[in-house]
Structure formats: structure tokens, C-alpha cells
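Chain by chain, the residues:
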Amino acid sequence: MTNASTPETTIADPIVGIDLGTTNSLVAYCDAAGPRILAGPEGEHTLPSVVRLDPATGRAEAIGSVARATAVEYPTSTVHSVKRLMGRGLADVADDARALPYEVVEGEQATARVRVGGHVVSPQAVSAMVLTELKRWAEHALGTGVKRAVVTVPAYFDDAQRQATRDAGRLAGLEVVRIVNEPTAAALAYGLGEGEMPNGHGAAETSVARRTPTGTVSLSTKLNPAACTSDPNPSSTGAVGPSRPSAQTIAVYDLGGGTFDISILRLQQTDQGQVDQVLATAGDTHLGGDDVDRMLIDLVTREIGEQLGTAVDFPPSTRQALRTFAEQTKIRLSTDGEATIEIDLGEPGVYRRVVTREELDRMIGPWVERTLSACRSALWSAGLGVNDIDRVVLVGGSTRVPAVRQAVERLFGRVPYTALDPEQVVALGASVQAARLAGVGGAAAGGLLLDVIPLSLGIETMGGAVAKLITANSTIPARATEVFSTYAEGQTRVAINVYQGERELVQDCRLLGRFELTGIPPMPAGLPKVEVTFLVDANGVLTVHATEQRSGRSARTQVVPNHGLTRDEVDRIERDAFDHAQDDMQRHRLIDLRLNAKLDIRNIRKQLDRVGDELEPDYRDEINQHIAKVQGLIDADDAQVDADAFHRAMTDMDHATIQLAETAIAQTLRDDTGAGNPS
Ligand code: ADP
Ligand code: MG
């Protein structure tokens with residue numbers, strides 16, 4: 001035995017990616033499995049960029065969520081939004097400084113500084129405290145020292161602001177090996193601008209063959225074979241773009257808490273590596289999700305005033321609580337149609353208010369429009385029209401607001417990239433850049449970059465089986481469409497769970513994402529036609545779209561299937577599928593048998609209810625014995641059931657109930673005749 005191969009458990013001198021944000025900061029790391037966020041000691045993904053300084057020493061007293069939570073109690077020593085001051089002169093930030101609760105003073109060379117107690121601290125030093133905390137998170141997560149980082153800055157940052165960011169890194173004991181523009185990082189996280197793939201598969205499209213209805217291929221249920229049709233001409237629903245062009249023009253729409261940036265980039269693969277050219281930027285440094293919180297606070301304050309019959313002036317602690325309330329309401333309305341605000345006013349009673357999505361949408365209309373006009377002006381400065389934009393990437397927590405997504409989609413006339421968490425995408429991209437600089441994972445840094453889809457993609461169907469829509473080794477771009485139906489009577493919502501893998505059951509595959517199609521009008525089971533479309537574009541981003549065709553209701557989700565996958569992992573999954581092929585087939589068969597058996601029993605019971613009295617007691621007993629036997633098989637553990645025996649038991653039950661079925665039919669005919677000829 002030799003010890004020649006040492007396991008790759010420790011990473012020597014890793015380079016991490018850091019998003020040093022105005023409101024929140026994150027650290028990420030990228031290896032052959034792709035980029036991932038490194039969590040803090042409590043599993044938290046983001047670190048609020050907030051530091052409370054000790055007025056006596058000028059040192060950090062609390063960093064992150066603790067500092068943010070206690071900000072109201074320490075308004076003049078809690079430093080937030082320090083990014084607005086980085087590398088800037090006091091005169092440049094006069095407006096910002098007035099809005100900040102802490103003191104901003106002039107330092108050497110007219111720079112903006114923070115004063116807490118008797119201590120004057122540079123914005124770099126405050127940012128360094130945030131970076132030190134992130135460094136600690138990264139070292140804990142990676143189990144090794146971290147001395148190098150790629151740090152992102154807004155595309156419009158000037159040299160002084162970039163230098164200040166480097167200095168902050170140095171103060172935190174981090175060598176900033178590269179400063180990357182935030183929009184460029186977001187694009188990198190999606191694998192945009194990776195350069196040309198060997199021979200473009202411009203026209204390549206994969207469509208699945210029409211699935212033979214087996215009686216079980218359906219979403220949450222048994223498929224009505226009559227309702228099952230596949231799109232015979234998948235390309236008719238829209239062409240797929242050419243594969244990975246060498247240069248791409250990308251619009252990055254970044255709507256955060258307090259700032260909005262739109263950047264138009266050109267990413268190009270050259271001999272010198274990848275080059276990003278910022279064609280235009282526009283935005284507003286005082287436009288963001290905070291505005292929406294304020295709108296809701298104003299609404300609530302006004303209405304409480306009306307209820308009390310007097311204008312209200314809340315103390316700071318109540319205002320802070322209201323802020324939290326408002327933000328939670330806003331976030332709730334990104335997923336739900338309505339949210340309830342309830343505030344106990346004590347003596348005068350309770351203020352209770354339901355805010356609907358429509359109401360919020362009306363309220364924020366002009367706010368959304370301001371972002372759109374910045375987009376138009378950026379396009380204009382770049383000398384481009386919307387049709388020149390290849391991709392739109394959404395960044396920032398506020399892009400979770402549905403009205404924002406819809407507005408951006410309408411303006412650019414294309415579905416924006418939303419697969420990656422908009423709050424994490426910049427940090428993820430920074431780590432992709434870091435991995436390239438470190439040479440980690442070679443060409444695969446940032447996840448598997450392939451011109452084929454490495455593992456099959458599909459959705460969960462009734463009973464936990466997987467219906468594969470796109471099979472492994474299909475070339476990208478690829479598209480597939482299939483129609484499914486419902487199992488339950490009057491089902492008004494359908495869950496679409498998207499899986500990746502080669503096995504037959506969801507428990508052995510990887511869940512990529514899930515969404516719900518709601519608002520389907522109640523129909524008999526099997527009647528709704530839910531068309532599910534999978535589209536993997538040239539960058540490997542998967543968009544899953546579901547439409548119920550009778551009602552036109554639709555919903556979709558987007559994911560990057562290859563993130564978190566290494567070549568080794570793919571190989572292992574393939575081997576696994578091969579090893580379990582026999583077993584899997586048996587289990588898939590059992591799922592189908594159980595579904596059909598349940599439906600058969602349901603039917604037989606209905607018939608027994610109607611005509612049971614007309615049967616010989618012995619015959620009724622015989623039928624009940626068959627039902628009991630089949631029910632036993634339905635309830636038994638997989639290991640105890642033989643699919644062939646199950647099948648035989650069902651066939652026996654079928655034969656045994658022929659007479660019952662005939663009796664039931666005869667009675668139906670009698671009833672019909674009776675109804676037609678009232679005597
Ligand atoms: P920044 O770039 O300013 O640090 P982030 O990208 O972290 O900001 O975004 C923070 C903003 O996103 C906050 O205003 C927060 O309320 C908002 N936000 C987060 N999640 C949601 C959501 N689900 N719906 C609406 N707004 C959200
Ligand atoms: Mg941000």
C-alpha cells in the first residue's frame with residue numbers, strides 16, 4: 001500500500017470572491033463544482049455591512065446583524081452605508097452625509113471620514129472590519145487560512161474608490177488580487193462571456209419523442225391518455241439562440257436596498273483572456289428597496305393617524321419596528337397575493353390592514369418607471385437598442401418584486417436571468433473570477449462548461465417517479481415540451497418539481513428547483529392540459545415553463561443545472577444509474593401498479609355501493625377478498641412486493657369483477673331507460 005495520492009481536502013492559499021455591498025456583504029468560493037456562498041458560523045449567508053464602533057476606543061464593538069439590530073439604540077456610533085464614502089472627498093458626499101445618523105468629517109486631503117466619540121476612522125478602516133469578518137467566515141468554512149480575494153465594486157467607481165477598496169482589503173490582511181465590476185461578476189456567475197465553444201450548434205434542438213402514455217406519466221396524478229399530446233413541432237414556439245457567441249452584450253439590472261445601477265457590458269474572449277468593456281452605466285444612488293419600505297411606513301402612519309384622529313409621531317424604537325414590519329410585508333408580497341399588517345395600538349385598539357399585491361404594484365409604479373427610464377438612457381448612451389442586448393441579468397434583492405421582473409422583461413423584450421439568487425450572484429461571480437486567477441478547476445471553474453447536457457433533466461410525476469424531458473448528452477441549446485395532466489378532481493394547482501439525474505425516482509435524483517402553477521379552474525381529473533417546456537440555452541441556463549392550456553395560466557422557474565456538479569460527480573451518477581437499472585425499473589413499475597390499483601379499487605367500490613345489494617353474498621365476499629389482497633400490496637413495503645405477483649393480483653381482481661361491472665352497466669342502462677320513460 002502506498003500513500004501516493006493525498007486527498008484534496010485542504011486548499012492551499014485559496015482566493016475567495018467578495019461582494020462588499022452598501023447594505024450586505026458576502027463571500028464565495030469556486031472550485032470544480034462551481035461557485036458557492038461560504039456561510040457564517042450560524043449558517044447565515046449575508047453579513048450586513050454595519051459596524052458599531054466603541055466611542056472610547058474607535059474599535060469595532062459589533063459587526064453585522066448584531067450591529068444592525070441595535071442600530072436604533074446607538075444611532076451615532078453605528079456605521080452603515082460606508083461604501084457611499086469610500087475614496088471620496090467630503091464635498092462629494094455632502095448630501096449622503098446629511099442623511100447618515102453618524103458624523104462624517106473631513107480627513108486628510110479633504111477625504112470623508114467617520115467620527116465616533118473622539119475617534120476619526122476612515123471608510124476603508126470600517127470596510128476592513130467587514131472584510132475581516134468575512135475572512136473569518138471563509139477560513140472557518142474552508143478550514144484554511146485565507147489571504148487573497150477578488151473584490152467587486154460598482155462599474156462607475158473611479159480610481160480613488162477602487163484604490164480605497166484595495167486599501168480596505170490590505171487593512172483586513174487580504175491581498176486584493178483583482179477588483180471586478182459588480183455587473184461583470186454577475187455575468188460571470190452565469191458563465192456569460194466564456195468564449196466560443198467548439199463549433200456552434202446554432203440550429204441544434206433536442207425534442208423528446210412523444211411519450212407513450214403509460215397511464216402514470218402525469219404531474220400529481222394519473223394521466224388521461226386522451227389529454228396527452230406532445231408538441232409535434234417544438235421549434236414553432238421560438239428559436240433558440242446560437243451557441244455561446246464569442247462576444248455578448250449584456251444588460252445587468254441591479255436594484256438593491258438603497259441603490260440602482262443599470263450597466264451595459266460587452267464581454268469578449270480574446271488572446272489576453274476575457275475582457276469586459278463597460279459600454280454604459282446609469283442609475284440612481286438613492287433608489288432602492290428602502291423606498292418601498294418607506295412608502296408602506298407612510299401608508300401605515302397615515303392610516304393610524306386617521307384611526308386615532310390625530311397625527312402620530314412615533315418614537316425611534318417604534319419606527320425601527322415599523323421598518324421591519326414594512327420590509328416583511330413587502331417581501332411577503334413578492335410571493336403572496338396579499339399580506340396582513342397588524343399593530344396593537346394599546347388603548348385605541350388594533351390597527352389591521354390587508355395590503356394586496358395589486359395595491360403595492362400601483363404604489364411602486366412610478367418607482368419602477370424611474371429604473372426603466374435609467375435603462376433607456378443607458379441604452380441610448382451605449383448607442384444600442386433593446387434588440388442589441390443578448391442577455392439581461394437581474395441583481396439585487398429588490399428584483400424579487402414580481403412587478404420589477406415583469407417591467408424589465410417588457411422593456412427588453414426577453415426573459416431575464418434569475419436562476420441565481422439575486423443577492424448572491426455578484427459574490428458568486430467574484431469567486432468564479434478568483435478561481436480563474438488561481439487556476440482552480442481549469443476550464444471548468446464556474447461549474448461544468450460543456451456543449452452537452454451532462455445529466456438528464458425532468459419533472460416529478462405522481463408517486464415520486466421522474467419524467468425525463470431532456471436526456472443526458474443532448475447538445476445545447478436544447479428544448480423539449482410535454483403535456484401532463486392532473487390526478488385529483490377539481491385540482492386547481494400543480495407543483496412542478498424539477499429534477500436532474502439518471503435514476504427513475506426523485507429520491508435518487510437532485511432537486512434543482514420547484515414552482516407552482518396556480519389558478520387552474522376546477523376540472524375533472526385528467527382534463528387540464530399542462531404543457532411543460534424545458535429550455536437549456538447556450539449558457540447552460542435552464543428555464544422551465546408550465547402552461548395550463550385551457551385556462552392560459554402559466555408559471556416558470558430558472559436554474560443553472562451544472563452548478564454544484566463536477567465531472568467526477570457526473571461519472572458517479574452515471575455508474576449509479578447503471579448499477580441500479582434493474583432495481584429502479586422494478587420500483588418505477590411498482591409506482592405505476594400502485595396508482596392503477598388505487599384507481600381500480602376506487603372504481604370497484606363505487607360499483608359495489610351502487611349494485612352490491614343485487615349480488616350474491618358469496619360473490620361480494622370474493623370481491624372484497626381481492627380488494628383486500630391488492631390493498632395489502634399497495635400498502636406493503638417495496639422490498640416485500642414482487643411486481644409480477646402484484647400484476648397477477650390485479651389481473652385476478654379484474655377477472656373477478658367482470659360480473660360486477662356487467663351488473664353495474666345493466667343498472668345504468670335501466671336507470672337511463674327509466675329516466676327517459678317516466679311511468
Ligand atoms: P445592496 O446591494 O444594497 O446591498 P441587496 O441586493 O442585498 O442590496 O438587496 C437588499 C434589498 O432587497 C432590501 O431592500 C430588501 O428589502 C430587498 N429584498 C430582499 N428580498 C426581497 C423580496 N423577496 N422581495 C422584495 N424585496 C426584497
Ligand atoms: Mg448589491
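What counts as what
- Residues numbered from 1 in each chain as written.
- Chains lettered and ligands numbered in written order.
- Predicted model: local features only at pLDDT ≥ 70, side-chain atom pairs only at ≥ 80, totals over all residues.
- Heavy atoms only, no water.
- Helix = DSSP H or I, 4+ residues; strand = E, 2+ residues; numbered from the N terminus.
- Buried < 20%, exposed > 50% of the residue type's maximum accessible area, 1.4 Å probe, protein only.
- Contact = heavy atoms within 4.5 Å.
- Near = heavy atom within 4 Å.
- Polar contact = N/O pair within 3.5 Å; in protein donor to acceptor, adjacent residues only side chain to side chain.
- Areas by Shrake-Rupley, 256 points an atom, 1.4 Å probe, with all protein chains shown as cover.
- Nonpolar A, V, L, I, M, F, W, Y, C, P; charged D, E, K, R; others polar.
- Salt bridge = Lys/Arg side-chain N within 4 Å of Asp/Glu carboxyl O.
- pLDDT = per-residue confidence, 0-100.
- Pairing = 2+ DSSP bridges.
- Axes fitted to C-alpha atoms, helices over the stretch in contact; angles between N-to-C directions.
- Phe/Tyr/Trp six-rings, centres within 6.5 Å; stacked < 30°, edge-to-face > 60°.
- Lys, Arg positive; Asp, Glu negative; His and termini not counted.
- Parallel < 35°, antiparallel > 145°, perpendicular 65-115°, else oblique.
- Left-handed = near helix turned anticlockwise from the far one by under 90°.

1. Points about the overall build of the chain
- When helices and strands are counted, the chain shows 15 helices and 26 strands.
- Within the chain, the fraction of its 679 residues that count as buried is 50%.
- Considering only residue pairs separated by 6 or more positions, the chain has 68% of its internal contacts joining residues 24 or more positions apart.

2. Points about the site of ligand 1
- Near ligand 1, the surroundings consist of 17 residues, among which Thr23, Glu327, Lys330, Ser334 and Gly397 are the closest.
- Between Asn24 and ligand 1, the recorded distance is 3.1 Å, taken from a side-chain N or O atom to an oxygen atom.
- In this structure, a nitrogen atom belonging to ligand 1 sits 3.2 Å away from a side-chain N or O atom of Arg400.
- Relative to its free-state accessible area of 590 Å², ligand 1 is covered by the protein chains to the extent of 88%.
- Sorting the residues of the shell around ligand 1 by element identifies α6 (289-308) and α7 (316-335) as the ones contributing at least two each.
- Its residues placed into classes, the shell around ligand 1 shows two nonpolar, 10 polar and five charged.

3. Re unusual backbone geometry
- A cis amide bond links Ile476 to the next residue, Pro477, at an omega of -5 degrees.
- Its place among the elements puts Pro477 in the loop between β20 (465-470) and β21 (478-484).
- We note that Ser81 has phi near 55 degrees; this positive angle belongs to a residue other than glycine.
- Summarising the element assignment, Ser81 is placed in the loop between β7 (78-80) and α2 (94-99).
- Positive phi, normally seen in glycine, also occurs at Asn473, with a value near 75 degrees.

4. Details of the pattern of salt bridges
- Inspection of the entire model under this criterion finds 36 salt bridges.
- The salt bridge partner of Glu139 is Lys135, with a shortest N-O separation of 3.2 Å. Of this pair, Glu139 and Lys135 are both found in helix α3 (residues 123-142), four residues apart, which corresponds to roughly one turn of the helix.
- With relative accessibility at 25%, the residue Glu139 sits in the partly exposed group.
- Here Lys135 falls in the buried class, since its relative accessible area comes to 18%.
- Of the charged contacts in the structure, one is a salt bridge between Glu369 and Arg376, with a shortest N-O distance of 3.1 Å.
- The exposure class assigned to Glu369 is partly exposed, which follows from its relative accessible area of 35%.
- Taking relative accessible area as the criterion, Arg376 reaches 40% and is therefore assigned partly exposed.
- Each of Arg503, Asp508, Glu569, Arg572, Asp576, Asp584 and Arg587 takes part in one network of salt bridges that share partners.

5. Looking at the confidence of the model for the chain
- Residues with a pLDDT of 70 or more make up 88% of the chain, whose mean pLDDT is 86.
- Confidence scores differ between elements of the chain, with helix α15 (residues 658-676) showing the lowest mean pLDDT of 80 and strand β1 (residues 15-20) the highest of 98.
- Predicted confidence is poor over residues 1-9, with pLDDT under 50, and the contacts of this stretch with residues over four places away or in other chains come to zero contacts.
- Residue range residues 195-243 is modelled with pLDDT below 50. Its contacts to residues more than four positions away, or to other chains, number 122 contacts.

6. Regarding the sheet that holds strand β24 (residues 530-536)
- Spatially, β21-β24-β25-β26 is the arrangement adopted by the four strands of the open sheet, whose pairing is antiparallel. Each having just a single partner strand, β21 and β26 (553-559) make up the two edges of the open sheet. Recorded for the sheet is a direction-independent mean angle of 15 degrees between the axes of neighbouring strands.
- With seven bridges connecting them, β21 and β24 associate as antiparallel partners. Across the sheet, Ala480 pairs through a bridge with Phe534, a residue of β24.

7. A short note on the environment of Asp451
- Mapped onto the elements of the fold, Asp451 is located in the loop between α10 (425-438) and β19 (457-461).
- The sequence separation of Asp451 and Ala538 amounts to 87 residues, and the corresponding C-alpha distance is 8.2 Å.

8. So, the environment of Val27
- In this fold, Val27 is placed in strand β2 (residues 24-31).
- Taking the C-alpha atoms as reference points, Val27 and Leu131, separated by 104 residues in sequence, lie 9.1 Å from one another.
- When sequence neighbours within four positions are dropped, the list of residues in contact with Val27 reads Val16, Gly17, Ile18, Ile37, Leu38, Leu134, Trp137 and Ala138.

9. Some remarks on the sheet that holds β20
- Taken in spatial order, the four strands of this open sheet run β20-β19-β22-β23, and their pairing is antiparallel. Whereas interior strands pair on both sides, the edge strands pair on one side only; in this sheet they are β20 and β23 (510-517). Here the average twist between neighbouring strands, direction ignored, is 30 degrees.

10. Focus on the packing of aromatic side chains
- All chains considered together, the criterion is met by three aromatic pairs.
- Relative to Tyr417, the ring of Tyr190 lies with its centre 4.7 Å away and its plane at 35 degrees, an arrangement referred to as tilted. A residue pair is termed long-range when its members are at least 10 positions apart, and Tyr190 in the loop between α5 (182-189) and β13 (247-255) and Tyr417 in the loop between α9 (402-412) and α10 qualify at 227 residues.
- Accessibility expressed as a relative area gives 3% for Tyr190, which makes it buried.
- Judged by its relative accessible area of 2%, Tyr417 is buried.

11. Remarks on the side chain of Asp261
- Mapped onto the elements of the fold, Asp261 is located in strand β14 (residues 260-270).
- Comment: no salt bridge for buried Asp261; closest opposite-charge side chain is Lys83, at 7.1 Å.
- Filtering out sequence-adjacent residues up to four positions away, Asp261 remains in contact with Tyr156, Val252, Tyr253, Asp254, Ala282 and Gly283.

12. Regarding the packing of helix α12 (residues 581-611) against helix α14 (residues 643-656)
- Two elements in contact, α12 and α14, have axes whose closest approach is 10 Å; the angle formed by their N-to-C orientations is 20 degrees. Taken together, the axes of α12 and α14 are roughly parallel relative to one another. The two elements α12 and α14 meet at a crossing, and its hand is left-handed. Facing α12, whose interface residues are Gln586, Arg589, Leu590, Leu593, Arg594, Asn596, Ala597, Asp600, Ile601 and Ile604, α14 presents Ala643, Asp644, Phe646, His647, Met650, Met653 and Asp654.
- Of the residues belonging to the contact of α12 with α14, the class tally is nine nonpolar, three polar and five charged.

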